[in-house]
Each structure stands twice: as structure tokens, then as C-alpha cells.
Amino acid sequence: MKCKKCGETAVIKLRSYNISLCAPHFIEFFERRVLGAIKRYKLLSPKERILVAVSGGKDSLNTWFALKKLGFNADGFHIDLGIGDYSRKSREKAEKFAHEIKGNLVIVELKDEVGYPLPSLIKRERRTACALCGLIKRYLMNREALKGGYSAVATGHNLDDEAAVLLSNLLNWNIGYLTRQSPLLPSWHPRLAKKVKPLCEVTEKESAAYALLNRIDYIHEECPYSRRATSLFYKDIINQIEWRSPGSKIRFYREFVTKGKHLFEEKHQEETLVDCPECGLPTTHPPCAFCRLKNRIKAETS
Ligand code: SF4
Ligand SMILES: [Zn+2]
Ligand SMILES: [Zn+2]
């Protein structure tokens, strides 16, 4: 297998594009795809300060690495959720990586924020682990972005993640979720950082290869609360379609983002945000969900 660009030995075959590439040309290809998505969906401008949500997994570390390499001003943010060994290893990987790339990494511990790590919170609250964790992460990411003067929060969702969620939301006609599934959630309030997904056009396989070729040491274990079986089911269906018709995955996602644009715009116009009387951050229902969570814990423990 030879690299299509230089004729050297190829390390990866990309069926979707009908090409094989050597290591340096694959790295160049990957970074071009990231920059391409940033430009296509107008995710970021060159001077912006970006806070990358870093879990310690390959996609979030790749996001940080690629953004920095592409010349963006990106720092990292890690939330230590206190999920035993998983959180300990995630944090270690994030810290080690930050040290290697000489990047600034802000770390926040959930225990310090609400008094409990995630496993104890799950027992107290009648909500699924991921719903509760999602609420906490959204709040803390936005708060830290504002505190540090960052205009954007970047996450490491890749094309497989996005296409699988899209398929599942379409099958259930989950309009509420569909309206939030854009690679760019713009800021529509001065105290709300925009959210971007720079890896939205690279696949899981491409992301794993990029991490490997750049010797990025990431956590391989999944979070013990991850509902991987469900997402794997949809990813598998999309990969079967992709196998029969190469290029379908990216087309499916791109067409949705391009043609569903009005959905995202309508959604933002509909929402009226007010300041949370307790923390001052914008919310649709004051006090905000995070302050309500803190208040419940306080009431139960006092
Ligand atoms: S799998 Fe769920 S609980 Fe675990 S880190 Fe992700 S959102 Fe949080
Ligand atoms: Zn080459
Ligand atoms: Zn609040």
C-alpha cells in the first residue's frame, strides 16, 4: 500500500476518500479536515481564546493538540468527577499531556463544587448519571470560560459520535435534541460562551490514528457510566452503510448541518435567558439547574 501523495509506504487506507496515506501526509490530511470544518461551519476565528474540554480521552486531547498546532490560542479544562480509578487516570493523562505540550490546564473538582463526587450525587438525585453529569459539565465549562475570558468552549466530538446521535435523534424525531446538534452553538448572551466541535468531520478511526501517530498518551477505558452499547449500535449501522456506500457518513452529517441550519437559528431565537439570582449566569428557569442542585444538597445535609 503506497501513499497517494508521495509513494512512500502508507500507514492508513481511507475508503471514504479512496486514498492511502503515509504518516506525515495523514497528519496533514487530518489537520486540513479540522481546519476545513472550522472554516465551513465558521466555528472559530484566528484570534479567539478557546477553552478545550479535556477528558483525557483521544478525541479531546487531539482537539487540543490540533488546535494548538493550527495556531489557535487554546487552553485545556478538566473536570475531576471523582469516579474512582477512571477519574484518577483521566486526570493523570490530561495533566501529563498538558505538561508535554506546555499547555495551560485548568482543573476543577466536582467534590469541591457541590460537596460530593459524581457516584454519590447519582445516588442522591433521581436522574441518570449522564444527564446529571451533562448538566454539571455544561455549567462548569461555561463558568470557567467566562472566568478566564475565553469566547469558545471546544469539545472533542468526532464524526462517528455526531452521525450516531443524529441517526438516533432522527429515528425518534427528537426535535429538541436535533436543534442543538450543530457543530456550532453560538453565544446568544454576553455570559454564554459559544460551543464548537472542531473534530466533527473526522472519524473515530482517523482520530485514533492521529493520536497514535503523534504518540498521544490517552485513557483507553470508558467511563463506567457510559451507555456505549446504545451508541455502538448506531455507529455500527452507519459504518455498515458507509462500507456499502463510501462517503455516506460525512454526507449524512454535512447535509443535516447545512440544510437543518434554520432549526438551530429558530431554537436560539425562542429561548429567553435571564440571570440566575444566585450565580449570575444565564438560565431559562431561575435559579439555574446547577444552583438548584446545590440548594437541594444543602437542604438535605443541613
Ligand atoms: S459517560 Fe456519562 S457520566 Fe461518564 S463522563 Fe460521560 S456524561 Fe459523564
Ligand atoms: Zn506520503
Ligand atoms: Zn445559578
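So, about the overall build of the chain. Counting secondary structure elements, the chain contains 13 helices and 10 strands. Against the globule reference of 19 Å for 302 residues, the chain gives a C-alpha radius of gyration of 20 Å, in line with a compact fold. Expressed as lengths along the three principal axes of its C-alpha atoms, the size of the chain is roughly 70 × 40 × 40 Å. Relative to its 302 residues, the chain shows a buried fraction of 34%. Expressed as a percentage of contacts within the chain between residues at least 6 apart in sequence, the contacts between residues at least 24 apart total 67%.

Turning to the packing of helix H1 (residues 23-40) against helix H9 (residues 204-213), a few remarks are in order. Each pair of packed helices can be summarised by the angle the axes make with each other and by the distance between the axes. Running from N to C, H1 and H9 point in directions that differ by 125°, and their axes come no closer than 10 Å. As summarised for this structure, H1 and H9 are arranged oblique, according to the angle between their axes. For the element pair H1 and H9, the recorded crossing hand is left-handed. From H1, Ala23, Phe26, Ile27 and Phe30 reach across to H9, where they touch Glu206, Ala209, Tyr210 and Leu213. Among the residues making up the contact of H1 with H9, the classes are represented as seven nonpolar, no polar and one charged.

Another point: the environment of Pro190. By secondary structure assignment, the location of Pro190 is in the loop between strand E7 (184-185) and strand E8 (194-196). By C-beta crowding, Pro190 is classed as exposed, having 7 other C-beta atoms within 10 Å. The spacing of Pro190 and Pro282 is 92 residues in sequence and 8.9 Å in space, taken between C-alpha atoms.

Turning next to the site of ligand 1. Around ligand 1 sit Ala129, Cys130, Cys133, Gly134, Cys223, Tyr225 and Ser226, and those are all the residues in its vicinity. Residues belonging to the shell around ligand 1 are distributed by class as follows: five nonpolar, two polar and no charged.

Strand order in the open sheet formed by six strands is E5-E4-E3-E6-E8-E7, and the pairing between neighbours is mixed. Only two strands of the sheet have a single neighbouring strand rather than two, namely strand E5 (105-109) and E7. Packed on one face of the sheet, helix H2 (residues 58-69) meets strand E3 (49-53), strand E4 (73-80) and strand E6 (152-154) and runs near 160° to E3. The strands touched by helix H3 (residues 84-101) are E4 and E5; relative to E4, the strand with the most contacts, the crossing angle is about 160°.

The next subject is the pairing of E3. Across the five residues that make up E3, a large majority, four, are buried. Strand direction decides the pairing type here: E3 and E4, joined by five bridges, are parallel. When the sheet's bridge partners are listed, Leu51 is paired in E4 with Asp75. Taking the sense of rotation as the criterion, the β-α-β connection linking E3, H2 and E4 turns out right-handed. Pairing geometry for E3 and E6, over three bridges, is parallel. What sits directly across from Val52, in E6, is Ala154.

Once that is clear, we can look at the environment of Thr63. Among the secondary structure elements, Thr63 is positioned in helix H2. Along the chain, Thr63 and Asn158 lie 95 residues apart, while their C-alpha atoms are 9.7 Å from each other. Leave out the neighbours within four places in its chain, and Thr63 touches Val52, Ala154, Gly156, Pro198 and Leu199.

On to the domain arrangement of the chain. As far as domains go, the chain holds domain 1 (32-271) and domain 2 (272-302). Look at where the C-alpha atoms of domain 1 and domain 2 centre, and you get two points 24 Å apart. With 11 residues of domain 1 at the interface, the matching set in domain 2 holds 10 residues. No other element matches the five residues that helix H6 (residues 129-148) contributes to the side of domain 1 that touches domain 2. The class makeup of the residues in the side of domain 1 that touches domain 2 is five nonpolar, three polar and three charged.

The subject of this paragraph is the nonpolar core. Within the largest apolar cluster, 50 residues are counted, with the highest numbers of intra-cluster contacts made by Ile50, Val52, Leu67, Ala152, Val153 and Ala154. Not counting residues within four places of it along the chain, the set of residues in contact with Leu67 comprises Ile50, Val52, Phe72, Ala74, Ala154 and Pro198. Leu110, Leu118, Tyr139 and Phe290 belong to the second-largest nonpolar core, a separate cluster that totals 12 residues.

Analysis parameters
- Residues numbered from 1 in each chain as written.
- Chains lettered and ligands numbered in written order.
- Predicted model: local features only at pLDDT ≥ 70, side-chain atom pairs only at ≥ 80, totals over all residues.
- Helix = DSSP H or I, 4+ residues; strand = E, 2+ residues; numbered from the N terminus.
- Rg over C-alpha atoms; globule rule 2.2 N^0.38 Å.
- Buried ≥ 20, exposed ≤ 12 C-beta atoms within 10 Å, placed from the backbone.
- Contact = placed C-beta atoms within 7 Å.
- Axes fitted to C-alpha atoms, helices over the stretch in contact; angles between N-to-C directions.
- Parallel < 35°, antiparallel > 145°, perpendicular 65-115°, else oblique.
- Left-handed = near helix turned anticlockwise from the far one by under 90°.
- Nonpolar A, V, L, I, M, F, W, Y, C, P; charged D, E, K, R; others polar.
- Near = placed C-beta within 6 Å.
- Pairing = 2+ DSSP bridges.
- Right-handed = clockwise from strand over helix to strand, strands pointing away.
- Domains from an automatic or database assignment.
- Core = buried A, V, L, I, M, F, W, Y, C linked by C-beta atoms within 7 Å.

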